[in-house]
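Here is what each chain is made of, one letter per residue.
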Amino acid sequence: MRTPRAAAILLAAVTLTLAAGTAGCSSSGGKGSEEKPDGGGGGGKPATTERLKIAMVTHSGEGDTFWDIVQRGAKDAAAKDNVEFLYAANKEGKEQAQLVQTYIDQDVDGIVVTLAKPEAVKDVVKKAVAAGIPVVTINSGGEFSAEAGALGHIGQDESVAGEAVGEELNKRGKKKAVCVIHEQGNVSLEARCAGVKKAFKGTVENLNIDGTNMPASTSSIEAKLQSGKDIDAVVTLGAPFAAASVQAKQGAGSKAEIDTFDLNAEVVRRLKAKEIGFAVDQQPYLQGYLAIDEIWLNKTNGNVIGGGKPVLTGPALVTEKDVPALEKLTADGTR
């Protein structure tokens, strides 16, 4: 596994370990709970700190397994930290902002939010902060996090991740790539493709698809491959679209290599079968886990992870060589 930002990833891992240790030695008063964590975030009894209520609002579309992994990390941290975890999602920025407002009205103790559509969401984040609710941004729109008043941002630098993909395509001798954007207007997806284009010595063309309609997405990718026989690489920006691209490749009779951002069990299986060349892992479990931990640590101990600077959880490039280490973890829903 190659890690272009290994130091930053190590920082995130060390932070997680320290947070787990803090929970184990907490002596603050408050309500306890006999609920046990469901794995991944450390065993033992939950913290004895006051029971908190923390909400997460993302831009997830239906069926996107990436957000299952983010939620798994958040739930494990919540169980450890004696936190009631709430979750809501909408891929449309306006509706996402309304969900955040709902949690402000409920006077939750903290909010975790994505900024994939920053123009629609950042103002309501400012309202939460003004109301005394700490906010941590994750995954998308990290460059807008400080402006919105968030404690910090947890995720990968999407431009750097895209550049890592472009450099890997160069090493593999690719000449013409298609970068598949499954959600138009998502600033992070656009940054990924821009990063690929910046670093790749060949040509890159973006292909916009409807990520909420997988059959239509598959057909769009297949049509692109049929019309562009010289395309030798397809880069998808989410794990579910990698499998769709494999199917599209077969339908088009294309020889293009399929590569993807993000992991799930299906991607690992296809890496093993050499149907996918490589994947970019941004460690979504860490994004959920550390976000809950950061709010908990801030509320109970005044901490700010990373000093308010972005805490990077990726990118790491994984190939079929990494499959033995990843198979069980992806099956368990933590990678």
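For the structure itself, look to the data block above.
Here the structure is a predicted model, which is why all the values come from computation and not from measurement.

Glancing now at the state of the cysteines. Counting across every chain of the model gives one disulfide. Disulfide partner of Cys-179: Cys-193, at an S-S distance of 2.0 Å. Residues Cys-179 and Cys-193 are joined by a disulfide whose S-S torsion is about -85 degrees; by sign, that bridge is left-handed. Here Cys-179, found in strand E6 (residues 176–181), pairs with Cys-193, found in helix H7 (residues 187–199); they are 14 residues apart in sequence, far enough to count as distant. By relative accessible area, which is 1% here, Cys-179 ends up buried. Classification of Cys-193 by relative accessible area gives buried; the value is 1%.

Quick look at the environment of His-182 now. Within the fold, His-182 resides in the loop between E6 and H7. His-182 sits 29 residues away from Gly-211 along the chain, and the two C-alpha atoms are 4.4 Å apart. Excluding its chain neighbours within four sequence positions, the residues that come into contact with His-182 are Leu-189, Ile-209, Asp-210, Gly-211, Leu-237, Gly-238 and Phe-241.

Close approach of charged atoms lets side chains of opposite charge pair. Taken as a whole, this structure holds 20 salt bridges when the rule is applied. The residue Asp-76 makes a salt bridge to Arg-72 at a minimum N-O spacing of 3.3 Å. With Asp-76 and Arg-72 both in helix H2 (residues 66–81) and four residues apart, the pair spans about one turn of that helix. Residue Asp-76 is classed as buried on the basis of its relative accessible area of 0%. Among the salt bridges present, the one from Glu-266 reaches Arg-269, with a minimum N-O distance of 2.9 Å. Of the two residues, Glu-266 and Arg-269 are both situated in helix H10 (residues 265–272); the distance of three residues between them amounts to about one turn of the helix. A relative accessible area of 29% means that Glu-266 is categorised as partly exposed. It is possible to trace a salt-bridge network through shared partners that takes in Glu-168, Arg-172, Lys-174 and Glu-257.

The rules behind each value
Residues numbered from 1 in each chain as written. Predicted model: local features only at pLDDT ≥ 70, side-chain atom pairs only at ≥ 80, totals over all residues. Heavy atoms only, no water. Disulfide = S-S within 2.5 Å. Helix = DSSP H or I, 4+ residues; strand = E, 2+ residues; numbered from the N terminus. Buried < 20%, exposed > 50% of the residue type's maximum accessible area, 1.4 Å probe, protein only. Contact = heavy atoms within 4.5 Å. Salt bridge = Lys/Arg side-chain N within 4 Å of Asp/Glu carboxyl O.

Functional significance is not addressed by these values, which are geometric in nature.
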